Structure formats: C-alpha cells, structure tokens
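# Observations on chain architecture
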Amino acid sequence: MPAALSRRELFQTGGALVIGFSLRVKLSRAQATHGDGGAALTKPLDPSEVDSFLAIHADGSVTVYTGKVDVGTGLRIAVRQMAAEELGIPVERIALVEGDTGLSPDQGGTGGSTGLTRGGAEVRQAAATARQALEKLGYRPGGDIGSLIGGRRFNLKVDPKAPLQDPANYQVVGKPLPRPDIPGKCTAKGNYIQDFSLPGMLHGRVVRPPAAGAKLLSVDESSIRAIPDVRVVRVANFLGVTAPDEWAAVRAARELKASWSDWQGLPGSEDLERHVRESPVERDQVLTKADADVVAPAAAKQLSATYFWPNQSHASLGPSCALADMRPDGLTVWSSSQGTHGLRVSLAKIFGLPEAKVRVIYLEGAGSYGGNGNDDAAADAVLLSQAVSRPVRVQWMRQDEHGWDPKGPQQLLDLKAGITEDGRIVNWETQMWLPAATAGTRPFLGIDAAGLAQPHGQNAGQIAQNGDPPYAATPSPKVTVHWIKQTPLRISNLRAPGKIANIFAVESFTDELAAAAGVDPVAFRLRGLRERGNDPRALAAVERAAQMIGWQPRPSPNPKAAQGGLLVGRGFAYMRYKQAENYVAMAMEVAVDRAAGSVMVRRVACAHDCALVVNPDALRNQIEGCILQTLSRTLHEEVKFDHSRVTSVDWGGYPILRFPEAPSIEVALLNHPELPLLGAGEAATAPVAAALGNAIFDATGVRLRRVPFTVQRVKAALA
Amino acid sequence: MPAFGFQLNGRPVTVDSWDPAQPLLYVLRNTLGQHGPKFGCGLGQCGACTVLLDGQATRSCLLPVKSAAGHAVTTLEGLGTPEKPDVVQAAFIAEQAAQCGYCTNGMIMAAKALLAKTPHPSLDQAKQALAGNLCRCGTHTRILRAVMRAAEGRA
Ligand code: FES
Ligand code: FES
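Residues numbered from 1 in each chain as written. Chains lettered and ligands numbered in written order. Predicted model: local features only at pLDDT ≥ 70, side-chain atom pairs only at ≥ 80, totals over all residues. Heavy atoms only, no water.

## Observations regarding the overall build of chain B
When you go through chain B residue by residue, the secondary structure sums to six helices and five strands. For a compact globule of 155 residues, the expected C-alpha radius of gyration is about 15 Å, and chain B comes in at 15 Å, within 12% of that figure. Along the three orthogonal principal directions, the C-alpha set of chain B runs to about 45 × 30 × 25 Å. Burial analysis of chain B (155 residues in total) assigns 59% to the buried set. (Helix = DSSP H or I, 4+ residues; strand = E, 2+ residues; numbered from the N terminus. Rg over C-alpha atoms; globule rule 2.2 N^0.38 Å. Buried < 20%, exposed > 50% of the residue type's maximum accessible area, 1.4 Å probe, protein only.)

Encoded structure:
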C-alpha cells in the first residue's frame, strides 16, 4: 500500500491538527470511509478500482478522489457535476479530495486540458459502475445511497462498459452551478498553500545566485547576526535560511553576504531570434508531408514571413510555496504542484526514500498555468527540512518566481506559400525551430545546486501542434520542425504549450494571403474550410464569431481606419485545437494610437465549441481568462535576460495586462451534449495573438510578426 | 520587543515585532492570523496585500508595522463571512469573479475603498481604481462586473 500514513504520522505531520478547515474535513472523511477512525489510510489507489475514486458514507454523502487538481479552473465543481449526474445525488452531497498521493489515484498531471477529459471521465466511469452495482441493490436516483453501502467498499473494478446517463436526460451536467471555492476566496476562507502552517514549522527562503550557473564561493554569516534565530543552510551551491519568524527569514535571505563565481553562459534575450536560428539542430522532423504527386496550380503571388515568440513566464500572482516535513520515518510535502504524483516519485528517488514513505498533498496556490516554480519550491522545502530537522515552509519571493520559474519556450517560425489568381493556397510550408524534448523529468533548481543526482529532461509539452493551416491547400501543407539541442533557459509547459505561437504564425500568415488575394479574411477562411472537409462545426464557429462582432465583408486593411486620431480595425482568427479538439473562432476590434504606439482592444467575440459543456459559467470564466491572459502575453510579455541571468524579475520588468486595457468580451458556447467532452482550460488562448495581430494590420496596414506588441515596437513599426 | 497597537477590524490589538520596519502584511498573516491579505510581490506592484488603513486602500507589504500604530486596519476578514458576506463580497460571489482567487483580496479591498469615495463609479472609474491591482488569471471583466454590481447595491 503506497503512502499509507499511520494515524500517528498524520497527527505528527499536523494532518489533523492545525491544517486548514477543508483539508481537515477531507481527512476525516477519508478516515470515515474505513470506519476505523483513520488507524491507517488503506484506501485503494489503483485507478481500475471503483473505491479508488469514490467513497459513500453512512449519511449518504460521497467523497470523490481525483488525481487531477483545480488550479483555479473550476474542476472542483465540474467533476462533482459529472459524478453527481451518474450517482443521481445532488452536488452538495459530494466532497472532493484532489491530488493527495495518499488518497487520490494517479490520473496523470493536470495539464493539456485533461482535467475533465481524463480526470472527470474516469471519475464518471467509476460513478457509473457504482450506480450499476447500487441499482442491483435496489437503488433509484434520489434514493438513500447511504443505507445501501454507506461506510463500506464496493470492491469492484471500474466497468468501462457501465452505461452512462443519456445526455438528453442530464439534470446536473450542463448547469451553470456556482463554484464551491468562490465564497471562501472572497471572504478570506480560502485554503491556500500560502495560508497553511504546521506546528514547530520554520520559514525558509532560498538565496539564488546572481548568475544562473554561478558557484557559491563563500558565505559570511556574520552579515545577518542582528536578525534573530536564523539558521543558514548550505549544501554545495544551495544556499538558504530558516527562521521561526517569516520576516526574519526574508531579511536574512536578502542581507546574507555571499560571494559567487562569475558566469556568463546565456546568449541574452536581445539577440534571441538570431541565436535560435543559428543553434545546432538535433534532428529535423517532418510532421505533415506535402503529397508528392500533386502538382500545385501556378501561384500568382509568393509570400514568405518569419514569426517569433519570446520566452514567457508563468508569472503566478502568488509566488510558489511549499511545506515539507522530512522525518526519519518518511517525508510529507504540501504543494500546489500540478503533478503531485510525479513530484512524489521524483522526490523519493532523489532523497533515497521508498515511494511508500513519501506523501505529497495538494493545496491550491495562485494560478500556475503549467509548470511554474511550485515543484522547485517543494524541493527547496525538502532540502531545508532535511537540513534543520523541522517542518519548513518555503515561499519564493517575487524575484524568485519571475527569475527562476521554468519558462515557456521561445518559438521561431518561417512560413511560405503562394496564392493563385483565384485566391487559393498553394505550396504552404512551415518550418519551426523548437527546443527538443529530452527524456527524464525537469531538473529541480535546488537539487542541482545541492549537487544531488537527478534527471535532466527537457519538455515543454506538445509545442509543435497546429503548425499547418486548417484550410484547403494544394498540395497539403508541409510542416518541418528543427528540434534544437539546447535552449538558454530552463523551459516547461506554459498554458496551451506552443499552440499560441504556432497559431499566431499560421493565422497571421493566412491573413497575409487573404490580403494578397484581396479577399475578406472571414470569406477566405470559410472557403478554405468548405474546400477542406466542410466540417459543419468549424463553419459554425467561424460564422458565429463573425456575426457576434458584426463583421462587414471587405479585404484588409481597413480603408476607413482613421477615426478621431485613432486607427481602428478588426481581426479574425480560427483554429481547431491540436487539429483534433475544440473549435474556436475569435474576432476582435482594436484602436491603435499611431503617435503613442498603444493598442487598445475594444471588443472580443469568441465562438467556442468544446462538445459537451459540463458547466457553462465555469467554462465562460475559463474562456474569458484565456482571452485576457493571452492578450497580456501578446501585448506585454517577454522574459528578458542578459548573459548571466533573467533580468525581468518583477512586475515592472515583466508587465502584464491592467484593468484599463480590459476589453468587453462576448462568448458563445456551441454546446454538443451528445459528443464526448473536450478540455477547455486553454483552447481559447490559441487564436488570441493572431486575431489581435490581424486587427492591428487591418487598422494600420502594418503586419506585426513578433510578440509582444509593446508600445515601442508598435511605434517603431508604424514610423 | 517593541509593541505596536492598532485597531484590527474594529478591535484593539497589540503586537510585538522584533523589527519596527516589519511590513504589516507579515504581522497580519503570521501574528494575527489574517489570511485575506496575500503576499504577491512585496514591492507594492500587485495589490494582493491590500488592506484598508483608516479607510484608504493600502499595500500592507510596504507599510512598516510601526506606521500602522494608532490607526484602524481593516482586512478582508473584517468585511463579512461566507454566510454573511458584505455587499462587495456578495457581488464578487454572485458574479463568480475569481479564478485562482489569489488577487481577490486586493480587488475587493480596492473596490471597498473606491465605493466609499465614489458610490456610483462609471466603468472607466472602476477600471482606473483597479489599475494598480494585477490579476494573472484574466478575471478582469468579471471583477469589473462585480464592482458595478456592488455599486448598484445588487448583491
Ligand atoms: S504584495 Fe503588496 S503590492 Fe504586491
Ligand atoms: S483570479 Fe488568479 S490572479 Fe486573479
């Protein structure tokens, strides 16, 4: 039984003593499931078992266990709705335990919009299996589930064929039920990792080097003598401090004098595009091949263009935080990691512990949008706890998060295509330069500094998808990826990995072709979609977004752009996420101040088809967030670095979107309850940059091919 | 240890701080158990740590505890509870105006300060009042709807 914490351990680690209210509820529920008061957490975790996902209590309430976590995304309500629908009980009767490796089955990390497609779907199938079994005992929806099985286990395998509720009869799925976490978040009753504490805990801070590859030469502990009760922890090049008082730890980390070796191994962000183009390529991969025997009709015009997307930070509003309690008999870690099960395996290996002795418990943090600094902070906390033999809470400072979170990758794309006399696409070719994925997990910063052995994998997710247009083209488009061996900064998956930049390039270039053909951009896309597959859902999305914004057919740029000192225009983009999932079409209205270089997005219209909608309001919240966050990434965000380190280490150096820039947003959900649901945590990000670039082109006649569209860059482009 | 007295949500409190320059935020969170205000940047750039100081929206990450002495501090805890939220909290809940919610404290406190001064702000005034508060999740439009809703007294 992995991670079976004894009752004593639970109490010692504070599991049931001082932790936040809802976790206490979770744990006592978990204990109640075996009716032994928690003598041992021997709950099954195997994802093939119904009992791994569900526990039905004597009072008829239910606990659902999921390995997927809610990172501010609404998963909590959506998974409850899916389970409630199958079990025939109200959502209020369901409690959720997320991402606790001692209680939740491993359902893979929370990423790639798999929270519901895998996480929710597995829970649903377990619930359907449970209902099948309960019906044999005479259960009818609304009946007393507790008296039938309350407090006992099903001891059943999940039946992949257990029938699901007919979508036509859905009572709970599809309703805009409010999220259970929001009242607490608005009244200081949230249950954030940052608010969590353990008895006897020390506060920890890590002192990062002034250059990414610098070695620690010496530390002058006398420099912080005046700060009370500080312990300095040094393990090879890992330098940290602990103190009972958090402010003491903050000041000590800030004031501790240390000398480091010089290191200048980075190319600098100023010259990143050239650096990427000249970087050694590990291998070329042809993703989609042009059909060799098809001869393209003659092109009337040939176009080519280069697009570039810089490194970006997850830039979580609250810096990463974790608590670790390393004891002789095992390790407990509290973390907002999006992959607690994976983190557990990694930490067990690094610290030489059997996996059964390591438990990682998820607590919500600030939104992470992929692999931010959370896992690194967890490793920092373990290192410090091990050194001081006390539970340690580590919270990164702002410069740690901006400076050291693994970054979204830089992406370079060359595109070329021709356009025929009658406006059809020929000989489309995309070339991408992307950081190669390598085997193994991402190295933890602190572990590297401490000189401990660990894997050094590199992976930023499925970053090569959506490099080809979804429109008819002759021959079919060719996409080649040049996988680059090394990349300057540590990288990880950042929301909609790779797709935003690829679609920025593909959909901007599509707009370039439409403009070259003198055709309205929406009409150009509609014809391209009709002539390639004629997918009614694609057409519906495009038509809906165009209608929502009041699209008037005409070619770009806008002949009447000048309006009261501003240049106004509209832009459009469409994509099917991963060429296989959600359909999203987006239209935007912008006003550009030529003199100031500022871009104001006035309106955004989005038509979104993710098949079955589980909770329309939680989904809208996600879509609106996708749009606003990606406007921010497109307008403002670029990680700056010199030859030694990241230099954009606060909100001044790495600005994000502000309230005065928030446009009005209209979202249409194209619901298909009869179809299997698709994840929706990131798809709506993907067309945003392209729609914005296309709108700026419409307004100004100038094509922006490099993000972010900062005031300086827009000004220079319009000069 | 030097002691500092102030009003917290209407009650007098006295706290010890080994460093009079310790930012109020740490005192609120660690000594007084006020978890509404959040550490976001410690630099006065994001607004996550906002409290009301004598009714003014104030960044507690920059305010030394000694400067809070003798003043009235209101935190998110001082407004209402999940069962009895105050009008701004209720409007945020009704509009479901949070994703991760890490910024929510600052948004609600800044909105409180705005509405105290300008009970019926225009949308532009609301945007300006929140211009110094960052939201990374992109909840801006919902937050603005919540502020306007609170101004209309619709809970
Ligand atoms: S934490 Fe105070 S402004 Fe950011
Ligand atoms: S809701 Fe996450 S930062 Fe605003």
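## Topic: the nonpolar core
Buried together is how nonpolar side chains tend to be arranged in soluble globular proteins. Ranked by internal contacts, the top residues of the largest apolar core, which has 162 residues, are Phe572(A), Met588(A), Leu692(A) and Phe92(B). When residues in this core are grouped by element, the largest group, ten residues, is from helix 14 (residues 499-517) of chain A. In this structure, Leu202(A), Ala324(A), Phe351(A) and Trp404(A) belong to the second largest nonpolar core, which totals 33 residues. (Core = buried A, V, L, I, M, F, W, Y, C linked by side-chain atoms within 4.5 Å.)

## Observations regarding the environment of Arg344(A)
All names here are of chain A. Note on placement: Arg-344 falls in helix 10 (residues 340-350). Taking relative accessible area as the criterion, Arg-344 reaches 7% and is therefore assigned buried. For Arg-344 and Val-333, which are eleven residues apart along the polypeptide, the C-alpha to C-alpha distance reads 8.5 Å. A polar contact of 3.0 Å, which involves the side chain of Arg-344, links it to the backbone oxygen of Glu-355. (Polar contact = N/O pair within 3.5 Å; in protein donor to acceptor, adjacent residues only side chain to side chain.)

## Things to note about the environment of Leu718(A)
Residue and element names in this part refer to chain A. Structurally, the position occupied by Leu-718 is in helix 19 (residues 711-718). Spatially, the C-alpha atom of Leu-718 lies 9.0 Å from that of Gly-701, the residues being 17 residues apart in sequence. Leu-718 has contacts with Val-592, Arg-594, Thr-700 and Val-702, leaving out every residue within four places of it along the chain. (Contact = heavy atoms within 4.5 Å.)

## Comments concerning the side chain of His608(A)
Its place among the elements puts His608(A) in strand 22 (residues 598-609). His608(A) has contacts with Asn582(A), Tyr583(A), Val584(A), Leu619(A), Ile623(A), Ala668(A), Leu669(A), Leu670(A), Ala680(A), Ala683(A) and Ala684(A), leaving out every residue within four places of it along the chain.

## Considerations on the sheet that holds strand 22 of chain A
Residue and element names in this part refer to chain A. The five strands lie next to each other as 19-20-21-22-23, forming an open sheet whose pairing is mixed. Among the strands making up the open sheet, the edge pair consists of strand 19 (562-563) and strand 23 (664-669). By the bridge criterion, eleven bridges tie strand 21 (residues 583-593) to strand 22 in an arrangement that is antiparallel. Across the sheet, the residue bridging to Ala-591 is Met-600, located in strand 22. (Pairing = 2+ DSSP bridges.)

## Section: the domain arrangement of chain A
All names here are of chain A. According to the domain assignment, chain A consists of domain 1 (7-173), domain 2 (200-263), domain 3 (315-404) and domain 4 (411-718). Computed from C-alpha coordinates alone, the two centres of domain 3 and domain 4 are separated by 33 Å. The interface of domain 3 with domain 4 comprises 22 residues on the first partner and 23 residues on the second. Carbon and sulfur atoms make up 65% of the area that domain 3 and domain 4 hide from each other, which totals about 1,900 Å². Area buried by domain 3 at its contact with domain 4 is led by Ile-350, Tyr-369 and His-402, which between them contribute 32% of it. The interface formed by domain 3 and domain 4 includes one salt bridge. The partner of Arg-490 in a salt bridge is Asp-376, and the shortest N-O contact between them spans 2.9 Å. (Domains from an automatic or database assignment. Buried area = accessible area lost by both parts, 1.4 Å probe. Salt bridge = Lys/Arg side-chain N within 4 Å of Asp/Glu carboxyl O.)

## Comments concerning the pattern of salt bridges
All chains considered together, the criterion is met by 47 salt bridges over all chains. For the salt bridge of Glu135(A) with Arg131(A), the shortest nitrogen-to-oxygen distance reads 3.0 Å. Here the residue Glu135(A) and the residue Arg131(A) both occupy positions in helix 5 (residues 114-136), the gap between them amounting to four residues, near one helical turn. Taking relative accessible area as the criterion, Glu135(A) reaches 32% and is therefore assigned partly exposed. Look at Arg131(A) and you get buried, because its relative accessible area is 13%. Residue Glu95(B) is joined to Arg145(B) by a salt bridge in which the shortest nitrogen-to-oxygen separation is 3.2 Å. Here Glu95(B) is found in the loop between helix 3 (87-94) and helix 4 (104-117), whereas its partner Arg145(B) is found in helix 6 (residues 140-151), with 50 residues between them in sequence. Using a relative accessible area of 13% as the deciding quantity, one classes Glu95(B) as buried. Here the salt bridges do not stand alone but share partners, grouping Asp70(A), Arg76(A), Glu98(A), Arg179(A), Asp181(A), Lys185(A) and Glu364(A) into one network.

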